[in-house]
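One-letter residues, chain by chain:
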Amino acid sequence: MQTATMTDAETWISIGRIEDIPRQGARVVTISTGDIAVFRTADDEVFALADKCPHKGGPLSQGIVHGKRVTCPMHDWKINLETGLAAAPDEGCAARYPVRVVDGMVSLSLMVE
Amino acid sequence: MDMSTAPAGSKPKLVMVGNGMAGMRTLEELLKAASGLYDVTVFGDEPHPNYNRIMLSPVLAGEQSVEQIVLNSRDWYAENGITLFTGRKVVKVDRRTRCVEADDGTRAPYDRLLLATGSKSFVLPIPGANLPGVVGFRDIADVEAMIRAASEQRHAVVIGGGLLGLEAAHGLKRRGMEVTVVHLGATLLERQLDEPAARLLQRSLEAKGIRFLLQAQTAALLPSTQGRVGAVQFRDGKTIPAGLVVMAVGIRPNTELAESAGLHCTRGLVVNDTMQTYDPRIYAVGECVSHRGIAYGLVAPLFEQAKVCANHLAEHGVARYTGSLTSTKLKVSGIDLFSAGDFAGGEGTESLVYSDAAAGTYKKLVIKGNRLVGACIYGDTLDGAWYFDLLREGTDISQLRKTILFGQSHLGDSGHGNADRVAALPDTAEICGCNGVCKGDIVNAIRDKKLFTLEEVRAHTKASASCGSCTGLVEALLAHTVGGDYSAAPSRKPLCGCTDHSHDEVRATILGHGLKTMPDTMRFLEWKTSDGCAKCRPALNYYLLCAWPDEYRDDAQSRFINERAHGNIQKDGSFSVVPRMWGGLTNPRELRAIADVAEKFQVPEMKVTGGQRLDLFGVKKEDLPAMWADLTQAGFVSGHAYGKALRTVKTCIGNRWCRFGTQDSTGLGVRLEEMTWGSWMPHKFKLAVSGCPRNCAESTIKDFGVVCVDSGYELHIGGNGGIKVRITDLLCKVETEAEVLEHCAAFTQLYREEAHYLERTAPWVERVGLAHIKAKVVDDATTRKTLAGRFHRAQQTAQTDPWAARAEGDEAHEFTALAEIVCE
Ligand code: SRM
Ligand SMILES: Cc1cc2nc3c(=O)[nH]c(=O)nc-3n(C[C@H](O)[C@H](O)[C@H](O)COP(=O)(O)OP(=O)(O)OC[C@H]3O[C@@H](n4cnc5c(N)ncnc54)[C@H](O)[C@@H]3O)c2cc1C
Ligand code: SF4
Ligand code: FES
C-alpha cells in the first residue's frame, strides 16, 4: 500500500499502478474524510467515486463492476462510474473524483467533480 | 354363449344401435380388450359421428365449436373397420332372425346386439308444446336451433331449473338473449343442492343477468303472430314473452325400439349386472338402461357400464356392474358447484356446515357413523374430488373431523400450491370423475408415454376429456410429474437483460460447444453487453465451474462480495466469520481457539447461529486473513456461511445419547458434511440428519434431509425454511449409510447440473417434478452412480479451504487498501 501526503488539493496524488486494481474490480483509497473507491473496467478505464452508495451508504468498492457501472453489494443499485448517478428507477448520485493514468500510474485528485 | 351361428372363417357380427357416448365408449373398451373379434356395424339417427354431448353447453355458450367436440371422427370408424350408418334410425329388431332394420330399409344381421339409444328430452304435455321455437336440449340440432333463435329472438324462457336448464340459460344469456328460468320447485337444483347453496347459486346467476320464476307452473305455450311460440302462460293466467322455449324438465329413456322387440322395460331397458337384457344376445348400456331400478343420467356411471359390457363382449366374462355413486358439477363458467351422495342428510346423520355468504362460499358435509356420505359445496370446489374419494372409499374420518371442512390443503402445510394438493393424493384417487381415471393412471401415462400437454393426456387417458371440470387437477398433475416442461410452450425466460437465451440454453451451449471461459461464452451466445451484468456474470461463472471443474479458473470479479471475501458483508461494511463445525459438534479445544481469536481481534459480538455453529460478527475486512490464519492453525475451515454453496449439516444427537435415537445421526451428519463441504451450488444448500421421526434436526425443511428410522434412512429433498416454507418430498428409503451418501451425492450433483442459478432445491423440484428426480437418483442405479461419480470428481478440486489459501496470501489485494491518503 502506498501512503501519500496531501498538501495541495489541486495536485494529483499518485495512488498505485493500474495492475494493482483488478479488471472489473475496485480498490479502496482510505482517507480520513471518507473512503474513495477506484474502479477499473474490463477495458482498463479507471474511475473514482466516493465509496458510499447514494442509497444507504453501502461500500461501492465491494460491488460487481460491469460495463461502466457498479452494482452496489447491499441492495443492488446500479451506479454509473462516469457520472456517479444511480440508474433509473433509483435516484441518487455518488461523489466523483478525477483520476488519470499516466504510464500505468494512477493518480487521483480530491477536487470533487 | 356360443357363436356357432357365424359362418366358419368369418367373424361374429356385433351391431350397435345409438351412436352416442355410452355405446361408443363400449366399442372403444372392446377394441382395447379384444380388437378384431367382431365385424362391427353402428347405426345412429343423428347425422354426426360420435360427439361429446356434455360439451353442448359450452357450444351453446359460444366457448367451443361443434368440430371441437367430436370424439370419434369418421376416419376413426374407418380405421377400426367399423361400418357406420349415420342419419338412420333403427325401427325394428327381429330377434328371431337376429336382424335390425333402419327407417330407410337398411338391414344388418347380428350375433350380438348392443342397444345404446340414450334418452330424449321430456316435453311437457301442454298446449303449444309442438310450436316452432320450442326445443329440448339434447343434441346438436337443438343447439343449432337455439343459436339461430338467439340471433332472431329477444326473449328466451327455459323451463326447468336443473343442471341442463341452468346451462341452457347461461348459454343463451351469453348469446345475448333475455333469459328467464321457470322452475316448479322452490329452489334450484333441488336434486343436487340444499337450500342455502341453491340460494347462493341463484344469486350469482342473477348477477349474470338471468331471471328466475320459482314455484311457477307452466300451463300453455301461446303462439305469436308468425305462428311460432310467442309467450309462456302460467297457471295463474300471467304470461311472459318467449321467442324461444327450452324444455329442460327431464329426460326419458329411448326404449320404444326395445319395447317393440319385446324386451322387458320399466323406466328404462332392464339389464342385469353384466349389462345383458332379458335376451342374452342383446346388451344395453347408457341412459336408456335401468340397472337395479336406477337409470343414470351422467357419463361417469355410463362409462363404468361400458367397461363391464365390453368385458363381456370380449368374452372375458368377469366384470360386474353393481351401480355407481355419482357426483355433479355445473358447467357454468365462473360458478363452482359440487355435490355428491346424500347431501340432504336426515335421520342418523350429522352435518358439518361452513357458510360465508359474503364470500359466496358454502360447504356442507353429511356424516354418518364417522363416514362421509354426502357433500354439497358451492364456491371453492377444489376439494370436491377429495371429498368424493373419502365418500366412495368409506374412509373413517374421525381423525379429520376438526379440519375436514377446510379441505385437504389444511391437512398439509402453508405455502403449498395446487400441485402439492394433487401430489398428496394417493395413486388410487380418482381425478376424472367422468371417465373414472385415477391419479396413478395419469401419472404413469405422463411418464411412460412422455406426455407434455393437456391434449396429450386427454388423448391417452381420457382424463379431463369429457366435462373438463378436472382440467385444473390434470394440469397440476402434469406440472407435478414433468415439472416446468409441461405445456406446449416451455418457458423461455432469458437469463437477464444481456441475452435472449434462457438458463437452460446457456448451460446446454456451454457443454455442447465446449465453451470454457466467460468471454468465449458471451461471444458465442452473442451477449448484448460487453461484459455482462451483476446477474449473469455470477451465473455464468457458476455454470462454467460446474461444467468444467478441472479446467475452469474461477473469476473472483464475477462473484458477489461475500464469496469474493469469504465472509458475510454486514450493514457497516464489516464481515462475519463462521468456521465450520462438522455436524454441529465441537469440543473444548475448538471453543478455546475460537474464544482466543475473538479476543485477539476484538470481535464485538458472537452468536450461535441457526445452523448449529458460531458466528463472529463485525470483523474488519483487513483483519480477515490474519484471523483465518489463527483459525486454520486450530484446524478450522471456512463454514461457507456466505456462499451459494453447501452451508451446514444440522444433526441431532441420535443413538449416541438420545433414548429415542435409532441411528448415529450425528456421525452420519459429519460424514455427509465431509463429503459435501466446499461444493459450489446454484444456491445455498442445507442438509440435516435426525435420529428418529421426532425430527429434532428439522430434516424435512432442508434441501436434503435424512430421517433415521429403525429399518434405515428416509431421504427427503427439496425442503425450504426461509421465505416460503416448503416441506420436503420423500425421495426414497434406503438401508445403509453408504446408500445415503451415494443418493446424497447423486441428488446434489443433479441439482448442481440442472438448476438455474439462484434457484434453491425447493423451486427446482417443483419446476422439474419429483418424478424426474426419482427417475435419475432412485430408479436407475447406473445414472445415480454416474451422477455421484461426477460429484466426487468435482469435489477433488472444490475441497480446498479458501481461508487457508488467503491466510497464506492469496488474493491479498482484496483485503488491503490501494493507498492511504493522510491529510495534513
Ligand atoms: C447467521 C444466520 C442467523 C443466525 O444467527 O442464526 C443467518 C444469517 C443470514 N441469513 Fe439466513 N442465517 C442463518 C440461518 C438460516 C436458516 C436456518 C437454518 O439454516 O437452519 C434459514 C432458513 C432455512 C433455509 O434456508 O431454508 C435461513 C434463511 C435465510 C434466507 C431465506 C432463504 C430462502 O430460501 O428463502 C436468506 C436470504 C437468501 O438466502 O437469499 C438468508 C440470508 C441470510 C444472510 C446471509 C443475509 C444476508 O444476505 O446478509 C444473513 C447473514 C448474516 C451474517 O452476516 O452472518 N437466510 N437462514 C444463520 C446462519 C446459519 C449458518 O450457520 O450458516
Ligand atoms: C346439454 C347436456 C349437458 C350434459 N352435461 C353433462 C355433464 O356435465 N356431465 C355428465 O356426466 N353428463 C352430462 N350430460 C349427460 C350425458 O351427455 C349423457 O348422460 C350421455 O350422453 C348419455 O350417453 P348415451 O350413450 O346413453 O346416450 P346419447 O349420448 O344420447 O347417445 C344415444 C344416441 O343414440 C341415438 N339413437 C337413439 N335411438 C336410436 C335409434 N333407434 N336408431 C339410431 N340411433 C338412435 C341418439 O340419437 C343418440 O345419438 C349432459 C347432457 C346434455 C344434453
Ligand atoms: S430426533 Fe430423535 S434421536 Fe434426535 S434428538 Fe430427537 S428424539 Fe433424539
Ligand atoms: S446501499 Fe447501495 S443499494 Fe442500498
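Residues numbered from 1 in each chain as written. Chains lettered and ligands numbered in written order. Predicted model: local features only at pLDDT ≥ 70, side-chain atom pairs only at ≥ 80, totals over all residues. Heavy atoms only, no water.

A. The environment of Val102 of chain A, seen in detail. Following the sequence through the fold, Val102 of chain A ends up in strand E10 (residues 99-102). When the C-alpha atoms of Val102 of chain A and Ile18 of chain A are compared, they prove to be 9.5 Å apart, with 84 residues separating the residues in sequence. (Helix = DSSP H or I, 4+ residues; strand = E, 2+ residues; numbered from the N terminus.)

B. Summary view of the sheet that holds strand E12 (residues 211-214) of chain B. Residue and element names in this part refer to chain B. Spatially, five strands are ordered E9-E16-E10-E11-E12 in an open sheet, and the strand pairing comes out parallel. Every other strand in the sheet has two partners, leaving strand E9 (134-135) and E12 as the edge strands with one partner each. Of the pairings in the sheet, the one linking strand E11 (residues 178-183) to E12 comprises four bridges and is parallel in character. Counterpart to Val182 in the pairing with E12 is Leu213. (Pairing = 2+ DSSP bridges.)

C. Representation of the confidence of the model for chain B. Residues and elements named next belong to chain B. Scored by pLDDT, chain B comes out at a mean of 89, with 95% of its residues at no less than 70. In the model, residues 410-417 has pLDDT below 50 throughout and makes nine contacts with residues more than four positions away in sequence or in other chains. Across residues 484-492 the pLDDT falls below 50, and counting only partners more than four positions away or on other chains, this stretch makes 14 contacts in the model. Overall fold confidence (pTM) sits at 0.54, and the ipTM for the predicted complex is 0.71. (pLDDT = per-residue confidence, 0-100. Contact = heavy atoms within 4.5 Å.)

D. Highlighting unusual backbone geometry. For Asp76 of chain A, which is not glycine, the phi dihedral falls at a positive 70 degrees. Within the fold, Asp76 of chain A resides in the loop between strand E7 (69-71) and strand E8 (78-80). Of note in this structure, Met275 of chain B is not a glycine but carries a positive phi near 65 degrees. Here Met275 of chain B lies in the loop between strand E18 (269-271) and strand E19 (282-284). The exposure class of Met275 of chain B is buried, given its relative accessible area of 0%. (Buried < 20%, exposed > 50% of the residue type's maximum accessible area, 1.4 Å probe, protein only.)

E. Structural view of the interface of chain A and chain B. The interface of chain A with chain B comprises 34 residues on the first partner and 31 residues on the second. In total, chain A and chain B occlude about 2,700 Å² of area from one another, counting both sides; carbon and sulfur atoms represent 60% of this. Per-residue buried area on chain A facing chain B is highest for Arg27, Gln62 and Ile64 of chain A; these three make up 24% of the total on that side. Connecting chain A to chain B are 13 residue pairs in polar contact (both at pLDDT 80 or more). Those elements giving two or more residues to the side of chain A that touches chain B turn out to be strand E1 (2-6), strand E2 (13-17), strand E3 (25-31) and strand E6 (64-66) of chain A. Take the side of chain A that touches chain B: its biggest share by element is six residues, from E3 of chain A. When grouped by side-chain class, the residues that make up the side of chain A that touches chain B number 18 nonpolar, 13 polar and three charged. (Buried area = accessible area lost by both parts, 1.4 Å probe. Polar contact = N/O pair within 3.5 Å; in protein donor to acceptor, adjacent residues only side chain to side chain. Nonpolar A, V, L, I, M, F, W, Y, C, P; charged D, E, K, R; others polar.)

F. Region of the structure containing the site of ligand 2. Residues and elements named next belong to chain B. As a structural note, the neighbourhood of ligand 2 is formed by 33 residues, with Asp45, Glu46, Arg138, Glu287 and Lys331 the closest of them. With respect to ligand 2, the backbone of Met21 contributes an N or O atom lying 3.2 Å from an oxygen atom. In this structure, Glu287 approaches ligand 2 through a side-chain N or O atom, which is 2.5 Å from an oxygen atom. Here ligand 2 loses 93% of its free accessible area of 990 Å² to cover by the protein chains. Listed by contribution, the elements that provide at least two residues to the shell around ligand 2 are helix H1 (21-33), helix H2 (56-60) and helix H8 (299-313). When the residues that make up the shell around ligand 2 are grouped by side-chain class, the tally is 14 nonpolar, eleven polar and eight charged. (Near = heavy atom within 4 Å. Areas by Shrake-Rupley, 256 points an atom, 1.4 Å probe, with all protein chains shown as cover.)

G. Focus on the side chain of His716 of chain B. Residues and elements named next belong to chain B. On the secondary structure map, His716 appears in strand E35 (residues 712-717). Residue classification places His716 among the buried residues on the basis of a relative accessible area of 9%. Those residues in contact with His716 that lie beyond four places of it in its chain are Thr700, Asp703, Phe704, Gly705, Val707, Thr728, Asp729, Leu730 and Leu731.

H. Expanded view of the pairing of strand E4 (residues 36-40) of chain A. All names here are of chain A. The element E4 is largely enclosed, with a buried count of five among its five residues. Burial along E4 is two-sided: Ile36, Val38 and Arg40 facing one way and Ala37 and Phe39 facing the other are all buried. Bridge count for E3 against E4 is five bridges, and the pairing is antiparallel. Within E4, the residue paired with Val29 across the bridge is Ile36. Connecting E4 to the antiparallel partner strand E5 (residues 46-50) that follows it, the hairpin turn spans five residues, and Asp44 within it adopts a positive phi of roughly 65 degrees.

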